[in-house]
Amino acid sequence: MGQIHLDKVSKCFGDVEVIPPLDLEIEDGEFVVFVGPSGCGKSTLLRLIAGLEDVSGGQVLIDGHDATTISPAKRGLAMVFQSYALYPHMSVRKNIAFPLRMAGLDKTEQDKRVVQAADVLNLTDYLDRRPGQLSGGQRQRVAIGRAIVREPAAFLFDEPLSNLDAALRVGMRLEISELHKRLATTMIYVTHDQVEAMTMADKIVVLNAGVVEQVGSPLELYHQPCNTFVAGFIGSPKMNLVQGEEAASYNATTIGIRPEHVMISKDNGLWKGTVGVSEHLGSDTFFHVKCDAFSAPLTVRASGAVELDYGASVFLSPDTSKLHRFDQTGQRLS
Amino acid sequence: MATQHSRSAARLMMAPAVILLLGWMLLPLTMTLVLSFKKYLPLRGGDLGWVGFDNYVRFVSSSAFWPAVTTTLIVVGGVLIITVALGVLLALLLDQPMWGQGIVRILVIAPFFVMPTVSGLVWKNMFMDPVNGFFAHLSKAFGAEPIQWLSQASLPSLIMIISWQWLPFATLILLTAIQSLDSEQVEAAEMDGAGAISRFRFIVLPHLARAMTVVVLIQTIFLLSVFAEIFVTTAGAFGTKTLTYLIFQRVLESQNVGLGSAGGVYAIILANLVALFLMRVVGKNLDA
Ligand SMILES: Nc1ncnc2c1ncn2[C@@H]1O[C@H](COP(=O)(O)OP(=O)(O)OP(=O)(O)O)[C@@H](O)[C@H]1O
Ligand SMILES: [Mg+2]
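Residues numbered from 1 in each chain as written. Chains lettered and ligands numbered in written order. Predicted model: local features only at pLDDT ≥ 70, side-chain atom pairs only at ≥ 80, totals over all residues. Heavy atoms only, no water.

Residue and element names in this part refer to chain A. Spatial strand order, β6-β7-β8-β3-β9-β10: 6 strands in an open sheet with mixed pairing. Strand pairing shows two members of the sheet lacking a second neighbour, β6 (77–80) and β10 (211–216), which therefore form its edges. Recorded for the sheet is a direction-independent mean angle of 15 degrees between the axes of neighbouring strands. Where β6 meets strand β7 (residues 154–158), 4 bridges bridge the pair, whose relative direction is parallel. (Pairing = 2+ DSSP bridges. Helix = DSSP H or I, 4+ residues; strand = E, 2+ residues; numbered from the N terminus. Axes fitted to C-alpha atoms, helices over the stretch in contact; angles between N-to-C directions.)

Residue and element names in this part refer to chain A. Looking at where Asp284 falls in the secondary structure, it is placed in strand β15 (residues 284–291). A relative accessible area of 19% places Asp284 in the buried class. Asp284 has contacts with Glu279, Arg301, Ala302, Ser303 and Gly304, leaving out every residue within four places of it along the chain. (Buried < 20%, exposed > 50% of the residue type's maximum accessible area, 1.4 Å probe, protein only. Contact = heavy atoms within 4.5 Å.)

All right, on to the sheet that holds strand β14 (residues 271–280) of chain A then. Residue and element names in this part refer to chain A. Strand order in the open sheet made by the 5 strands is β13-β17-β14-β15-β16, with antiparallel pairing throughout. Two strands lie at the open edges of the sheet, namely β13 (262–265) and β16 (298–303), each paired on one side alone. Each adjacent strand pair in this sheet contributes to an overall mean axis angle of 45 degrees, direction not counted.

Before going further, it helps to examine the pattern of salt bridges. One pass over the full model with this rule turns up 14 salt bridges over all chains. Notably, a salt bridge pairs A:Glu30 with A:Lys203, separated by 3.4 Å at the nearest N-O pair. Of this pair, A:Glu30 sits in the loop between β2 (16–26) and β3 (31–35) while A:Lys203 sits in strand β9 (residues 203–208); the two residues are 173 residues apart in sequence, bridging distant segments of the chain. For the pair formed by A:Glu30 and A:Lys203, the shared burial category is buried. Ionic pairing is found between A:Glu109 and A:Arg113, a salt bridge with its closest N-O pair at 3.2 Å. Of this pair, A:Glu109 and A:Arg113 both sit in helix α3 (residues 107–120), 4 residues apart, which is roughly one turn of the helix. Relative accessible area serves as the criterion here: at 26%, A:Glu109 is assigned to the partly exposed category. What emerges from the salt-bridge pattern is a single network uniting A:Arg47, A:Glu53 and B:Glu187. (Salt bridge = Lys/Arg side-chain N within 4 Å of Asp/Glu carboxyl O.)

Turning next to helix α1 (residues 42–50) of chain A. Residues and elements named next belong to chain A. Most of α1 is tucked away: 8 of the 9 residues are buried. Regarding α1, the residues found buried are Lys42, Thr44, Leu45, Leu46, Arg47, Leu48, Ile49 and Ala50. Positioned one or two residues after α1, Gly51 has a phi angle of 95 degrees, which is positive.

A cluster of basic side chains, namely A:Lys94, A:Arg101, A:Arg130 and B:Arg201, defines a positive patch on the protein surface. Within the secondary structure, B:Arg201 sits in helix α10 (residues 196–223). (Patch = residues over 30% accessible without salt bridge, like charges linked within 9 Å, V, L, I, M, F, W, Y side chains within 5 Å. Areas by Shrake-Rupley, 256 points an atom, 1.4 Å probe, with all protein chains shown as cover. Lys, Arg positive; Asp, Glu negative; His and termini not counted. Charge placed at Lys NZ, Arg CZ, Asp CG, Glu CD.)

Residue and element names in this part refer to chain A. We note that the domain assignment places domain 1 (4–230) and domain 2 (238–326) within chain A. One C-alpha centre belongs to domain 1, the other to domain 2; they are set 38 Å apart. On the side of domain 2, 8 residues touch domain 1, which itself brings 7 residues to the contact. When domain 1 packs against domain 2, the two sides together hide about 540 Å² of surface, and 62% of this comes from carbon and sulfur. Area buried by domain 1 at its contact with domain 2 is led by Tyr222, Pro225 and Thr228, which between them contribute 81% of it. Our enumeration of links across domain 1 and domain 2 arrives at 0 salt bridges. Seen at the junction of domain 1 and domain 2, the total is 2 residue pairs in polar contact (both at pLDDT 80 or more). (Domains from an automatic or database assignment. Buried area = accessible area lost by both parts, 1.4 Å probe. Polar contact = N/O pair within 3.5 Å; in protein donor to acceptor, adjacent residues only side chain to side chain.)

On to the packing of helix α3 (residues 65–95) of chain B against helix α4 (residues 101–109) of chain B. Residue and element names in this part refer to chain B. Packing of α3 against α4 leaves a shortest axis separation of 11 Å and a crossing angle of 160 degrees. Of the possible angle classes, the one that applies to α3 and α4 is roughly antiparallel. Classified by chirality, the crossing of α4 by α3 is left-handed. In this structure, α3 contributes Leu90, Leu94 and Asp95 to the contact, and α4 contributes Gln101, Val104, Arg105 and Val108. Of the residues belonging to the contact of α3 with α4, the class tally is 4 nonpolar, 1 polar and 2 charged. (Parallel < 35°, antiparallel > 145°, perpendicular 65-115°, else oblique. Left-handed = near helix turned anticlockwise from the far one by under 90°. Nonpolar A, V, L, I, M, F, W, Y, C, P; charged D, E, K, R; others polar.)

Right, let's get into the confidence of the model for chain B. Per-residue pLDDT for chain B averages 87, and the proportion of residues at 70 or more is 99%. Both scores are given for the predicted complex: the pTM is 0.80, the ipTM 0.82. (pLDDT = per-residue confidence, 0-100.)

On to the interface of chain A and chain B. With 22 residues of chain A at the contact, the number on the chain B side is 15 residues. Buried surface at the junction of chain A and chain B, summed over both partners, amounts to about 1600 Å²; 61% is from carbon and sulfur atoms. It is A:Tyr87, A:His89 and A:Met102 in chain A that bury the most area against chain B; as a group they hold 28% of the surface buried on that side. Where chain A meets chain B, there are 3 salt bridges. In this structure, the salt-bridge partner of A:Arg146 is B:Asp192, at a minimum N-O distance of 3.6 Å. Along the contact surface separating chain A from chain B lie 7 residue pairs in polar contact (both at pLDDT 80 or more). If you list the elements that add at least two residues to the side of chain A that touches chain B, you get α1, β6 and α2 (92–102) of chain A. The element best represented in the side of chain A that touches chain B is α2(A), accounting for 4 residues. Its residues placed into classes, the side of chain A that touches chain B shows 15 nonpolar, 3 polar and 4 charged.

This part is about unusual backbone geometry. Residue and element names in this part refer to chain A. At the junction of Ser236 and Pro237, the peptide bond is cis and its omega measures out at -5 degrees in the coordinates. Considering the arrangement of structural elements, one finds Pro237 in the loop between α8 (228–233) and β11 (240–243). One non-glycine residue, Ala85, lies in the positive phi region at around 50 degrees. For Ala85, the position within the fold is in the loop between β6 and α2. Look at Ala209: it is not a glycine, yet its phi comes out positive at around 50 degrees. For Ala209, the position within the fold is in the loop between β9 and β10.

What follows is the structure, encoded as structure tokens:
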């Protein structure tokens, strides 16, 4: 079981309120991703759940029991740190066995579980090495191994992939998702990378300055961002957000249109503009188009077959059914 | 950059320093070796010629030799144990956030700046004096008979004085080591269910191993040649005569330079034995 409920949890460091009172419901077996810009309080929130930080107000409930004052060890949660936090003087085997040893399990049971975990994580050949003799990806797996042997109620990950190179990150992302499917244990995963959030999550929690902006499935956030912050944060490349007359014509202060929902054409369309920088990814090409109607350039996604030179004049037409409209406070107008 | 040319140029430029250092070390060492094979009594005829291994045999067969070696080892060992143990405790304490941290840290380092002679005298007269000392007053306040520290408990007193002097050094080095411990490691251990004592034993202590080794090795070098503290407190009486002090007595009090030099050579051998032993026991902590 790993159901976590935050009830008006808040956190202040001195006079600074990093997290204003916040409610959040995490169901058993869910993969929840906290995403938001740097410094928005993701790590702090995770540490509050883990018990490494004391809450300034509110309650943390784990499986319906008040865990607010329970020590981190007794909450039954396991955490994977950004720096991995492996014990450098212990072998991989001892690292993974450490929580079991602390729990007072007997030696044979410890060995059995370590070997099992090593098997799952492809670490069998490295059990007698020290962490210093492993690559970044292997260290990452040891840290995960140390978490899974405890059979915790929930896993907490704090930007576990940020120290890995791009290729390895994609690989580990899949492995963690795979692990989640197999163990079906609650996982809370912190990242500032919206691609990680979109690909892994059952439920995304978008945070901004300690405030939950929106909670929902990846596709909900993509199709129905509830305000301009979420709209700009989710999706890659970013959604085009424009204001002014053109927005007013749709009865909104701000309108948002994703790069993939704009048609680019050489001869006709709604907005006239000139092509600026283009980014070729092979399959797709992103054009930055300067339109007469808007001050900022629009990003447009086109198929990789489309070729347009710098300075070419083009026409853009948005798919109006996919248009997002926001009022003057940035809230979504349905 | 390390071409043949630049390497020979570097050698040439380092030469003066190397030669000076070699001379600095080799000259006294050779002098000691040469004198140890001579009968040399400055006030009773000066150089009286070669005597072979006579001085060596006499130095060892003197009834003061083995007690001096034992005393030296007890003092060094005692001070090492006390400074490392208390140093770890103090470092842990100083690492906690507290009010007036800066001042407390300076106060803790202070004893290190007091000259050994001065600290020896201060301890002898202000703390351990059986009539006017602080400890005597303390005993009397509790109605007990004051202890004659420097005569009845001479060795423990000496170890106490020297430990007081070296505690700041150990604390300082161990404190920097504790501060370099990754806080996420401690938090990970906390989540893994390790209590405060387990965290200390399995995370903090192994992390401190290297710093502790450095403290032990450096202190040993200096403790083997402790002199001023003994000179001003007991003057070698009441079983506080270390090897260094015995050599001093032979050379200056008995005016026998040859015998003292032979003692000096024994001191070098003892220091090397201790170093060998320490490297065997704790040296592996220095490997990365
Ligand atoms: N111990 C602390 N004392 C004071 N302020 C803190 C402390 N820890 C964090 N903060 C502040 O709380 C805010 C949130 O920090 P937090 O580490 O949770 O950010 P984050 O969302 O994890 O950012 P990142 O993506 O960069 O890791 C920051 O503004 C930070 O300065
Ligand atoms: Mg963080």
